[in-house]
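# Secondary and tertiary structure notes
What follows is each chain in one-letter form.
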Amino acid sequence: MEEPIIVAEELAKKQREISIAEFFEKNRQILGFDSAPRSLLTCVKEAVDNALDACEEAGILPDILVQIERIDGDTYHITTEDNGPGIVKEQIPRTFAKLLYGSRFHALKQSRGQQGIGISAAVLYAQLTSGKPTRITSKIDLSKPAHYYELVVNTKTNEPEILVDDVVNWDRPHGTRIEMDLEGSYIRGRRRSVYEYLKATSIVNPHTRITLIEPDGNMETFERVSDRIPDASKEIKPHPSGTDLGILIRMLRDTDRNKISAFLEHGFVRIGKKTQDDICKHANIDPNMRPADFTRDQARRLLAAFKNVKIAAPPMDCLSPIGDDLIRKGLEKEYPVDYISTRSRKTSVQSGNPFLVEAGLAYGGTISTEDRVQILRFANRVPLIYQQGACAMTHAVEKVNWRHYGLNQPGGGIPMGPVVLLVHVASTNVPFTSESKDAVADRPEIISEVELALRDVARDLKNFLSRQKRFEKRKHKEEAIVQVLPMIAEKVGYILDKEAPDIRPVIANIMGNLLVQKSVKPNKNGSEITIRIKNFADAARVFKLHDISPDEPIEVNPKGVSVELESGYDNIWKLSLEPGKEKTLTYTIKSKLDPDTTTNPIVEGIDETLVTGATTMGGMT
Amino acid sequence: MNKEGTQQTDEITTNRLLEIAQQFYDQINTETIPYITLPTRTKANIEYDEEAEVWVYSDRESVRSAKTVRGAYQLLKTNYVIDFLKYQLGEKRSSTLRELYYISENWNLAKFSEQNESDSLIEDLEIISKLQRENFHIRPEEDGASIMGPIKVREKTRRGTKTIHCQDDVGEGGYQVPNNVDNIEFLEHDAKMIIAIETGGMRDRLIENGFDEEYDSIIVHLKGQPARSTRRLIKRMNEELNLPVVVFTDGDPWSYRIYASVAYGSIKSAHLSKYMATPNAEFIGIRPSDIVNYDLPTDKLTDQDVKALKSELTDPRFGSDFWKEEINLQLKIKKKSEQQSLAKYGLDYVTKTYLPERLSEMGVV
């Protein structure tokens, strides 16, 4: 007799484990391969991110080459090469051809790799669309040979399939070279392109040098402007406030600690003996209890205790900001502008994870005044190219009232004007809106911090603009005064049939300048030179006065320093004048000077717009 | 005034102008930023001079200083004008306000942007030098008034002295008042009053109806806002001949200002009020109460009219109860009337009824 058919058992036979690789094969779009241009970009991105991470860990200044060639139609050949530490032979196959393999996914620290599905996904994509394996060359030391592999991913087993395993000569001392063929689309131009991505990467990683060779042969190099490798970010244990019930239960199950006290102290950051004690008391739990014996209810009580017991905030030094100086340098090299302001804010916390925000604002120069401002978004030093509208950083930009700071903001969205904004969120765990990790999720703490950073740089911009305006106004006034006043003096003299009175003191008075009047009087011994200096400004002036004489000065009063030149003497006085005060310098020389052709004295240490009657050198505005 | 006298005043005038330039010269030489101070020429700065019974400038002063860009340009232009006037006086020539404005085209940065600017500057110089623009040999553009009435005058002209009787020796247009009224000598007259009229139409009506003969009145056609010469002449006739003056205009705020400049002095040239205003000139109408009482044909007040009326409420010259009542009434009825609207009641109504009634009320006839 036949066994009665139990439907569930029949169905069960049909079920089998689906391999991760199979899953990815069928769900590419989640992982950044949803469109042809994007797929190409994602492959470049994975390789470049890996190279950057590796170089930084090894303390090497990254030199990265990206070359993209079009084979035909939609097929492209991508080559990336770096001067990184290389990969140990044994690790190469699994690194490139096994999905979700790698150290970065588990570590709680700020890293680029956290945002990528890994190079293996790119390899898988390449083999699926071109049928060709990925070629890897890697060398870890000058003394060692370079290893060459051709790999594909076995989609059923999620294990690497080695098609070629060889040893080759490579003239690099160390590094990695990846070549893949894949289907994609290369976008020329500046938006959402490989070019944009690499440019943005080089801005926030100013210690890198990236060379891009486009399909048409055009070569672009993004130079490095810093020799400083950013400090490596440190790994930390999770913080209690970022733990939820599911995570806690899993941790209790997985730990190899035998007592809950030890589990708490060593499994979390910021829980010391006392805190652990307090937590156990609060949760009404015996510190000697075994984690494995925990019930769901007890875990819940533990979680409640986390919230109620005072626990110090997570350590802030696990993050590695780009820093004001490098943000500025990065922006400067890509955008020739009139003004840059940067802000690197202190570390804050969201969902138990430390995070910090940095902002940069570049204004003026060649940036178009008619368009909406460009926003460069970064998460853990990785440029975010897609989904700008969905990102928390963009939302924060929209929340700021830019009109208050001098920009148009029609419709209240993204402001308009000749500005490029840079926003960087760095965290041990950046919250994204979706698996594709294109946009940062709207966490209030993050939005708030970004807003504050933006307001800071916006305020700097506002100050700069008003300084500029004042400067323009002053310049305009000066032009008018400098032209009109001499005409008044001349006309007055003409009306009265007298010589036009010297108007320079009045000009100096109006402009709040330092007045320098030199007069030369011939006497029986030669010439007597008198220099009268008056300070019409509201502030004291400290400066040096130079006056060149053809021969050695005698009877110098007050005493100065005379330096012999090739033809003449540079007579120097160090002076300081309070507002409204004046000083007279005199000296005599043997030769007879023509009063009409003597040279102007030189004032050193004051900007030329603030001096009347002398030329200037070495001044600042 | 004889030739010598003219020379004398020319010399005085030139010296006064040179004094201004000298002031700037001294300022520059003492490292002072050049400036001049003038009375502020707004209605906020006029006050009633009890003795002269006219409105003059009060104590508020405006400083024009080369410290500001605007001030610097003004002082530049001031000196250019002084230079020009010095030349003009030296050459015994004269020019109009408008010509002065055009001459400045050659002055580079000192060029005037509009005629108001150069007119104002000349007024400034009048105030500072305590002279009149006639002394600078500057003439205005506008015509003086014409008068018609039983009075004989002798006028000194460029072409000799002329004796004129202002009814017998003149045509329909009457006697044209010259720019320099001080060149007129009053010889003899049979007049009992002076009536100053705003519009040409009304003036012609009075003459056609023989009002000057019937009431022995000198009819002065103001031609709108009266020229300085007109105001000066009215004042002289009032003072020297002891004749009462009445003013007859349209019933709107601009016309009241015409009356004010005859009787009170103008805001623009308050420095000359004592010389040109006739404090005992009286206002006949058209009053807002006339519009109501005589049920005159009207027009609606425009926004500018309303604004002007409201401004007059804060003009100290219109501070009397009489004016406050009339202006508020007009703001209430929101209407204005022309003097010629009296024709509603016939062409003779103005000379047979309205004026006699009003003049009798006022005690003039």
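Description of the structure in this document. (Residues numbered from 1 in each chain as written. Chains lettered and ligands numbered in written order. Predicted model: local features only at pLDDT ≥ 70, side-chain atom pairs only at ≥ 80, totals over all residues. Heavy atoms only, no water.)

## Things to note about the overall build of chain A
When its secondary structure is counted, chain A shows 14 helices and 24 strands. Scored against the burial criterion, the 621 residues of chain A give a buried share of 51%. Of the contacts made within chain A by residues no fewer than 6 positions apart, 68% connect residues no fewer than 24 positions apart. (Helix = DSSP H or I, 4+ residues; strand = E, 2+ residues; numbered from the N terminus. Buried < 20%, exposed > 50% of the residue type's maximum accessible area, 1.4 Å probe, protein only. Contact = heavy atoms within 4.5 Å.)

## Digging into the overall build of chain B
A tally of regular secondary structure across chain B gives 13 helices and 17 strands. The buried share of chain B, reckoned over its 365 residues, is 54%. Across chain B, every contact between residues at least 6 apart in sequence was considered, and the portion connecting residues at least 24 apart equals 72%. Surface summary for chain B: the accessible area is close to 17,000 Å², and the carbon and sulfur share equals 44%. (Areas by Shrake-Rupley, 256 points an atom, 1.4 Å probe, with all protein chains shown as cover.)

## Considering the interface of chain B and chain A
One frequent convention defines the size of an interface as the accessible area lost when the parts assemble. Counting residues at the interface gives 25 residues for chain B, matched by 28 residues for chain A. For the pair chain B and chain A, the summed buried surface comes to about 2,300 Å²; carbon and sulfur atoms form 72% of the total. If you sort the residues of chain B by the area they bury against chain A, B:Tyr25, B:Ile28 and B:Glu31 come out on top, with a joint share of 29%. One can count three salt bridges joining chain B with chain A. Between B:Glu31 and A:Arg532 there is a salt bridge, with its nearest N and O atoms 2.5 Å apart. Every element with two or more residues in the side of chain B that touches chain A is listed here: helix H1 (3-29) and helix H2 (69-90) of chain B. Tallying contributions element by element places H2(B) first for the side of chain B that touches chain A, with ten residues. For the side of chain B that touches chain A, the per-class residue count stands at 16 nonpolar, five polar and four charged. (Buried area = accessible area lost by both parts, 1.4 Å probe. Salt bridge = Lys/Arg side-chain N within 4 Å of Asp/Glu carboxyl O. Nonpolar A, V, L, I, M, F, W, Y, C, P; charged D, E, K, R; others polar.)

## Focus: the environment of A:Phe543
All names here are of chain A. Looking at the secondary structure, you find phenylalanine 543 in strand E17 (residues 541-549). Judged by its relative accessible area of 3%, phenylalanine 543 falls in the buried class. Once the C-alpha coordinates of phenylalanine 543 and serine 576 are considered, the two residues, 33 residues apart in sequence, prove to be 6.3 Å apart. Those residues within four positions of phenylalanine 543 in sequence are excluded, and the remaining contacts are Leu514, Ile533, Trp573, Lys574, Leu575, Val603, Glu604 and Ile606.

## Observations concerning the sheet that holds strand E11 (residues 184-189) of chain B
All names here are of chain B. Pairing within the open sheet is antiparallel, and its three strands lie in the order E9-E8-E11. Lying at the two open borders of the sheet, with one neighbouring strand each, are strand E9 (160-165) and E11. When the angles between neighbouring strand axes are averaged without regard to direction, this sheet yields 20°. Relative to E9, strand E8 (residues 151-157) runs antiparallel, the two being bridged by six bridges. Opposite lysine 156, over in E9, you have threonine 161 as the bridge partner. The strands touched by helix H7 (residues 228-240) are E8 and E11; relative to E11, the strand with the most contacts, the crossing angle is about 45°. (Pairing = 2+ DSSP bridges. Axes fitted to C-alpha atoms, helices over the stretch in contact; angles between N-to-C directions.)

## Looking at the packing of helix H11 (residues 303-313) of chain B against helix H12 (residues 321-333) of chain B
A pair of packed helices can be characterised by two numbers: the angle between their axes and the separation between those axes. Residues and elements named next belong to chain B. Here H11 crosses H12 at 155°, and the two axes come no closer than 10 Å. Relative to H12, the element H11 lies roughly antiparallel. For the pair H11 and H12, the sense of crossing is left-handed. The segment H11 lies against H12, with Val306, Leu309, Lys310, Glu312 and Leu313 engaging Lys324, Ile327, Asn328, Gln330 and Leu331. Broken down by class, the residue content of the contact of H11 with H12 amounts to five nonpolar, two polar and three charged. (Parallel < 35°, antiparallel > 145°, perpendicular 65-115°, else oblique. Left-handed = near helix turned anticlockwise from the far one by under 90°.)

## Some details on the packing of H2(B) against helix H4 (residues 115-129) of chain B
All names here are of chain B. Remark: H2 packs on H4, axes separated minimally by 11 Å, with the N-to-C direction vectors making an angle of 75°. By the angle class used here, H2 and H4 are roughly perpendicular. Packed against H2, whose contacting residues are Lys77, Thr78, Val81, Ile82 and Leu85, the element H4 presents Glu117, Leu121, Ile122 and Leu125 at the interface. For the contact of H2 with H4, the residue count by class is six nonpolar, one polar and two charged.

## Digging into the nonpolar core
Core analysis: the largest hydrophobic core is formed by 69 residues, its most contacted members being B:Ile195, B:Val220, B:Phe248, B:Tyr354 and B:Leu355. Beyond its immediate chain neighbours, meaning those up to four positions away, B:Ile195 contacts B:Leu206, B:Phe211, B:Ser217, B:Ile218, B:Ile219, B:Val220, B:Val246, B:Phe248, B:Ile284 and B:Leu355. One finds A:Phe33, A:Ile68, A:Ile78 and A:Ala97 within the second-largest nonpolar core, a separate group that totals 45 residues. (Core = buried A, V, L, I, M, F, W, Y, C linked by side-chain atoms within 4.5 Å.)

## As for the sheet that holds strand E22 (residues 602-604) of chain A
All names here are of chain A. Read from one edge to the other, the open sheet built from five strands follows the order E19-E20-E17-E22-E24, with strand pairing classed as mixed. Both edges of this open sheet fall to strand E19 (561-565) and strand E24 (615-617), since each of them pairs with a single strand only. Sheet twist, expressed as the mean angle between neighbouring strand axes with direction ignored, is 30°. As paired elements, E17 and E22 share three bridges and run antiparallel to each other. Looking at the pairing, leucine 545 lines up with valine 603 of E22.

## So, the environment of A:Asp181
All names here are of chain A. Its location among the elements puts aspartate 181 in strand E6 (residues 175-183). For aspartate 181 and threonine 75, which are 106 residues apart along the polypeptide, the C-alpha to C-alpha distance reads 6.9 Å. For aspartate 181, the side chain forms a polar contact with the side chain of histidine 77, separated by 2.7 Å. (Polar contact = N/O pair within 3.5 Å; in protein donor to acceptor, adjacent residues only side chain to side chain.)

## Quick word on the pattern of salt bridges
All names here are of chain A. Per the stated rule, a full pass over the model turns up 57 salt bridges over all chains. Between lysine 329 and aspartate 325 there is a salt bridge, with its nearest N and O atoms 3.0 Å apart. With lysine 329 and aspartate 325 both in helix H11 (residues 324-334) and four residues apart, the pair spans about one turn of that helix.

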